[in-house]
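Structural features, examined
Given next are the chains, with one letter for each unit.
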Amino acid sequence: MSSGASICPDGAQPRLIQLAHACGLRISLMDWGATWLSCRVSVGGGEREVLLGCARLHDYFSQTAYLGATIGRFANRIAAARFARAGRDYALRPNEGENQLHGGPQGFDRRRWGIVEQSTEHVLFGIESADGDQGFPGNLVATVGYRLQD
């Protein structure tokens, strides 16, 4: 993947994370969208990419297939961007016609995640979502971790 001088939609460069394991597994991630960019495995004396993704880093900021991204608050489609819970109706921000897909137009895939912990074999990303974010009720703290181990 070509990285160049890619700039995230927030105006800053993405933070790229490389994790490696003694068995030859290597993964690449970035903090924008807690996105998995690459997964390379040792095969027959060489390496093979096994993850579907974009050819250039900056393409991740405009692609609509959610390739490698961590989505949220909801995975899948919410019809008519509305739902009811505990007797209350909630109107969400639509991003697929009248529906909401994978958390809305500014879902977790479209934000910079913090790096809570990091070593050569693991990373833990974190993000906070305030009450009303994309129409969802309640405050939410989410984490996603990647760890390479035997």
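Presented here is an overview of the structure given in this document.

Conventions used here
Residues numbered from 1 in each chain as written. Predicted model: local features only at pLDDT ≥ 70, side-chain atom pairs only at ≥ 80, totals over all residues. Heavy atoms only, no water. Helix = DSSP H or I, 4+ residues; strand = E, 2+ residues; numbered from the N terminus. Buried < 20%, exposed > 50% of the residue type's maximum accessible area, 1.4 Å probe, protein only. Contact = heavy atoms within 4.5 Å. Polar contact = N/O pair within 3.5 Å; in protein donor to acceptor, adjacent residues only side chain to side chain. Salt bridge = Lys/Arg side-chain N within 4 Å of Asp/Glu carboxyl O. Pairing = 2+ DSSP bridges. Axes fitted to C-alpha atoms, helices over the stretch in contact; angles between N-to-C directions. Phe/Tyr/Trp six-rings, centres within 6.5 Å; stacked < 30°, edge-to-face > 60°.

Relative to the assigned elements, Ser38 resides in strand β3 (residues 35–43). Residue classification places Ser38 among the buried positions, given a relative accessible area of 9%. For Ser38 and Cys8, which are 30 residues apart along the polypeptide, the C-alpha to C-alpha distance reads 18 Å. Here Ser38 is in contact with Arg26, Ile27, Ser28, Glu49 and Leu51, once residues within four sequence places are set aside. Within the structure, the side chain of Ser38 is placed 2.5 Å from the side chain of Glu49, a separation counted as a polar contact.

According to the stated counting rule, one finds nine salt bridges in the structure shown. With a closest N to O distance of 3.5 Å, Asp109 and Arg110 form a salt bridge. What emerges from the salt-bridge pattern is a single network uniting Arg26, Arg40, Glu47 and Glu49.

The four strands are arranged β1-β2-β3-β4 in an open sheet whose pairing can be described as antiparallel. Each edge of the open sheet carries a strand with a single partner, namely β1 (16–20) and β4 (46–49). If you compare each strand with its neighbour and ignore which way they point, the axes differ by 20 degrees on average. Relative to β3, strand β2 (residues 26–30) runs antiparallel, the two being bridged by five bridges. Residue pairing for β3: Arg26 is matched across the bridge by Arg40.

Let's shift gears to the packing of aromatic side chains. Enumeration according to the criterion identifies six aromatic pairs in this entry. Taken together, a centroid distance of 5.8 Å and an interplanar angle of 90 degrees make the contact between Phe108 and Trp113 edge-to-face. For the residue pair Phe108 and Trp113, the accessibility class agrees, reading buried in each case. Clustering of aromatic rings is evident, with ring pairs tying together Trp36, Phe125 and Tyr146.

A few words on the pairing of strand β9 (residues 114–118). Pairing of β9 with strand β10 (residues 122–129), which is carried by four bridges, proceeds in the antiparallel orientation. In the sheet register, Ile115 faces β10, and the bridge partner there is Phe125. Where β9 hands over to β10, the hairpin turn is made up of three residues, counted between the paired strands.

Ordered by their spatial adjacency, three strands build an open sheet running β9-β10-β11, and the pairing between neighbours is antiparallel. Of all strands in the sheet, those bounded by a partner on one side alone are β9 and β11 (140–147). Across the sheet, the mean angle from the axis of one strand to that of its neighbour is 20 degrees, orientation sign disregarded. Relative to β11, β10 runs antiparallel, the two sharing eight bridges. When the bridges of β11 are listed, Val123 appears paired with Tyr146.

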